[in-house]
Amino acid sequence: MNPGAAPSLLGVTVRRSLSTGRFFLGYGTAISVVLGVSLALSPGSAFASTFPFLLPIFVVVGSMGGMVVFTNDRIKGVLEYLLAYGYSPRRLFVTFLLTALALSAVVLSVAVAVGLGVYLIRGHPFTTQLATLLVVYAIPMSFSSPAFAATVGMLWTSLSSPRAGMNSPIGLIPFIGILPSLVTLFLLTTLAVAGVFSPTELLLVAVGVAGAVVLIVVALLGTLGRFLRRERLLSPA
Amino acid sequence: MSEPTLESHGAVPVIECLGVSAGYDGIRVLRHVSFRITEPAIYVVLGPNGAGKTTLMRTLSGILEPYEGTIRIDGETIDRSSGGGRVHYLSHVDGIPDGLRVREALNFYALVERAGPSDVERVLDLLEIRPLADRYVSQLSSGQRKRVSIARVFLRERAIYLLDEPTSNLDPKVASEIRTLVLNLSRERVVLYSSHNLYEAREIGRYVMTIRDGQLALFGRIEDLRSSHFVVGIRTLEPSDAMAGFPKQGEYYLKELPGPEAVPDLLRTLESQGVRIRELREMGNPLEELFADAPEVLART
């Protein structure tokens, strides 16, 4: 019956998310750039010690466009249409997850380029510590947190009745999306208070949390068919 | 609207629905529905709200997996990944992506359908929505959105068309044009067409499927349906004493007859009494009775 795999919708979904989610994208990018530039202009090494830890929080906000489009598509019957034409729920989830990661890449690249650029222009050195924080923490967490937020958000949206405002998945997901960052910061703070903070502990905690989040996302997507019936993606209209 | 170009599609598909039960979250809406379709035609699906019409469409399209039973098309069992093959499904909701202009929305559908830019241009003309092509979907009226939604069904040909209330929200002129398009389709295709408009159903349908409480209550040819009360309305050119004893509905005098075969005798009788008849029409619609009482199953093909 099926003449072939249904075509990829990633490109068009990213374009739609850039348009529909432009407020979130603009806000997330602007606030991370303002933060980066402010810290870069500050005396001392405030940028190097703070910016990598805060960046993932704003990246989550910027990646919300994918989630907005997913929710709209469910309500408007677009997901129902796609299910009828051979797209599986898992494939739809993965498409929107990759869309969230693409939006995250936009926020991350702009914020790092501008913030780090200003920081270096101001004559600060690009230290090993800053490079480690960016590579080991900021970048992995800037992708794993939006992936977590998008996956949980799509599941929540699918399993609940549509509602608007802050008390909706779209309103609450940014707070859930920053949970991995908060957990990491909590663990690092705990280790620092205990006097055992070192680059090794930082590496272990950051990689551990990011890895755990990725595992949760993969597990949720892998078991999607068991707890998400296809009818949960139909328009409630 | 111009007629859609239809190339010969070969043999008409045989659709078999065998003891299908389906629903939502484990709750059965359709129960043990069985039928067999072997002929290109419009099969009007009727039933009160919540009876299971949309659930039937969703199950046939592969969106919902039957809890039990089997759906076969040309002997091949359809499953959850089958929808992209031979079935066009038009939901009762528009299914138009947000934030796009009309042409962009059609390009989105064309991507899913593996249709080309020329197909998009063709349906813009076919549904007469070219003037709307550069407008955002959010700026359209509900009727205009419906036309855009219907346009995607004509991007590519399929063997089976499942149309869930395609003319809802449309003005009479556009609804009539859509019916003409669907009638043309049905010459070579199987069209399941759900509607709440009984007059529309009678106008275009060759078969009727009535869903009641999730079960197939009737499946038969519409022309085989007979009203239990055959009532004609008579309009006269001028008042006549001969019509004094007839009850009236609007401009029509009403007369109940045993059946259509009694109409010639009635006409002769009235003419012999000097009644100048302007119009005589059947007042009831046998499909109306399908909603009123549980009908007998006339036929199962």
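Described below are features of the structure shown in this document. Being a predicted model, the structure only gives us computed values, none of them experimental.

### Points about the overall build of chain B
Moving on, step 1. Along chain B, the regular secondary structure elements total eight helices and 14 strands.
Moving on, step 2. Residues counted as buried form 52% of the 301 residues belonging to chain B.
Moving on, step 3. Of the roughly 13200 Å² of accessible surface on chain B, a fraction of 46% belongs to carbon and sulfur atoms.

### Notes on the nonpolar core
Moving on, step 1. Ranked by size, the top nonpolar core spans 121 residues in total, and within it Phe35(B), Leu106(B), Phe108(B) and Leu192(B) carry the most contacts.
Moving on, step 2. Split by domain, this core shows at least three residues from each of two domains, domain 1 (9-86 + 158-226 + 290-301) and domain 2 (98-156) of chain B.
Moving on, step 3. With residues up to four places along the chain from it excluded, the contact list for Leu106(B) reads Val120(B), Val123(B), Leu124(B), Ile129(B), Val148(B), Ala151(B), Arg152(B) and Leu155(B).
Moving on, step 4. Core analysis: the second largest hydrophobic core is formed by 20 residues, Phe51(A), Leu55(A), Ala111(A) and Tyr119(A) among them.

### Some thoughts on the sheet that holds strand β7 (residues 160-164) of chain B
Residue and element names in this part refer to chain B.
Moving on, step 1. Pairing is mixed in the open sheet, where six strands are placed in the order β6-β7-β8-β3-β9-β10. Both edges of this open sheet fall to β6 (87-90) and β10 (215-221), since each of them pairs with a single strand only. Across this sheet, the average inter-strand angle for adjacent strands is 15°, counted without regard to direction.
Moving on, step 2. Across the sheet, helix α5 (residues 172-185) lies against β3 (41-46), β7 and β8 (190-194), angled at about 145° from β8, the strand it touches most.

### Focus: unusual backbone geometry
Moving on, step 1. The backbone phi angle of Arg114(B) is positive, close to 60°, even though this residue is not glycine.
Moving on, step 2. Within the element layout of this structure, Arg114(B) appears in the loop between α2 (102-113) and α3 (117-126).

### Some remarks on a nonpolar patch on the surface
Residue and element names in this part refer to chain A.
Moving on, step 1. Residues Leu18, Val106, Val110 and Val114 make up a contiguous nonpolar surface patch of about 230 Å² in total accessible area.
Moving on, step 2. Take the nonpolar patch: its biggest share by element is three residues, from helix α6 (residues 89-121).
Moving on, step 3. On the secondary structure map, Val114 appears in helix α6.

### Some thoughts on the side chain of Asp164(B)
All names here are of chain B.
Moving on, step 1. In this structure, Asp164 sits in strand β7.
Moving on, step 2. Buried Asp164, no salt bridge; nearest opposite-charge side chain is Arg58, N-O distance 6.2 Å.
Moving on, step 3. At 2.6 Å, the side chain of Asp164 and the side chain of Ser194 are in polar contact.
Moving on, step 4. Asp164 has contacts with Thr54, Met57, Tyr89, Leu90, Ser91, His92, Lys146 and Ser194, leaving out every residue within four places of it along the chain.

### What to know about helix α9 (residues 179-193) of chain A
Residue and element names in this part refer to chain A.
Moving on, step 1. Here α9 spans 21 Å end to end across 15 residues, near enough to the 21 Å set by a 1.5 Å rise per residue.
Moving on, step 2. Those residues of α9 hidden inside the fold are in contact with α3 (46-62), α7 (128-159), α8 (169-177) and α10 (199-222).
Moving on, step 3. Gly195 lies just past α9 and shows a positive phi near 80°.

### Regarding the interface of chain B and chain A
Moving on, step 1. Chain B puts 42 residues into the contact, and the matching count from chain A is 33 residues.
Moving on, step 2. Buried surface at the junction of chain B and chain A, both sides included, amounts to about 3100 Å², of which 57% is carbon and sulfur.
Moving on, step 3. On the surface where chain B and chain A come into contact, there are three salt bridges.
Moving on, step 4. Of the charged contacts in the structure, one is a salt bridge between Glu80(A) and Arg58(B), with a shortest N-O distance of 2.8 Å.
Moving on, step 5. For the interface between chain B and chain A, the tally reads 11 residue pairs in polar contact (both at pLDDT 80 or more).
Moving on, step 6. For the side of chain B that touches chain A, the secondary structure elements donating two or more residues are β1 (15-24), β6 and α2 of chain B.
Moving on, step 7. By residue number, the principal contributor to the side of chain B that touches chain A is α2(B), which donates five residues.
Moving on, step 8. A class-by-class count of the residues in the side of chain B that touches chain A yields 16 nonpolar, 14 polar and 12 charged.

Definitions and limits used
- Starting from 1, residues in each chain are numbered consecutively following that chain's sequence as written.
- Note on labels: chains are lettered from A, ligands numbered from 1, in written order.
- Local features in a predicted model are, by the rule used here, given only for residues with pLDDT of at least 70; side-chain atom pairs are given and counted only at 80 or more, and totals for whole chains, interfaces and linings are based on all residues.
- Hydrogens and water molecules were not included; the side-chain quantities draw on all heavy atoms of the structure.
- Under the scheme used here, helices are H or I runs from DSSP no shorter than 4 residues and strands are E runs no shorter than 2 residues, and both carry numbers assigned from the N terminus.
- When a residue's accessible area, from a 1.4 Å probe over protein chains only, is under 20% of the maximum for its type it is buried; when over 50% it is exposed; and in between it is partly exposed.
- Here the accessible surface of atoms and residues is derived via Shrake-Rupley with a 1.4 Å probe, and residues count as covered only by protein chains that are part of the display.
- For the purposes of this section, nonpolar cores are sets of buried Ala, Val, Leu, Ile, Met, Phe, Trp, Tyr and Cys residues that join through side-chain atoms within 4.5 Å.
- Marked domain ranges trace back to an automatic or database domain assignment.
- Residues count as neighbours in contact if any of their non-hydrogen atoms are within 4.5 Å of one another.
- The pairing criterion is simple: DSSP has to find at least two bridges between the two strands.
- Every angle, taken between N-to-C directions, lies between 0 and 180 degrees, and every axis is a line fitted to C-alpha atoms, over only the stretch in contact when it is a helix.
- By definition, no residue in a patch forms a salt bridge, and every one has over 30% relative accessible area; like charges are joined within 9 Å, nonpolar side chains (Val, Leu, Ile, Met, Phe, Trp, Tyr) within 5 Å.
- A side-chain nitrogen of Lys or Arg and a carboxyl oxygen of Asp or Glu constitute a salt bridge if their distance falls within 4 Å.
- Here the positive residues are Lys and Arg and the negative ones are Asp and Glu; neither His nor the chain ends is included.
- Two N or O atoms count as a polar contact when they lie within 3.5 Å, although within protein this holds only if one can serve as hydrogen donor and the other as acceptor, and sequence-adjacent residues are included solely when both atoms are side-chain atoms.
- Multiplying 1.5 Å by the helix residue count minus one yields the expected span of that helix.
- When two components associate, each loses some accessible surface as probed by a 1.4 Å sphere; the sum of these losses over both components is called the buried area.
- Here the term charged refers only to Asp, Glu, Lys and Arg, the term nonpolar to Ala, Val, Leu, Ile, Met, Phe, Trp, Tyr, Cys and Pro, and the term polar to all other amino acids, Gly among them.

That is the geometry; function is a separate question.
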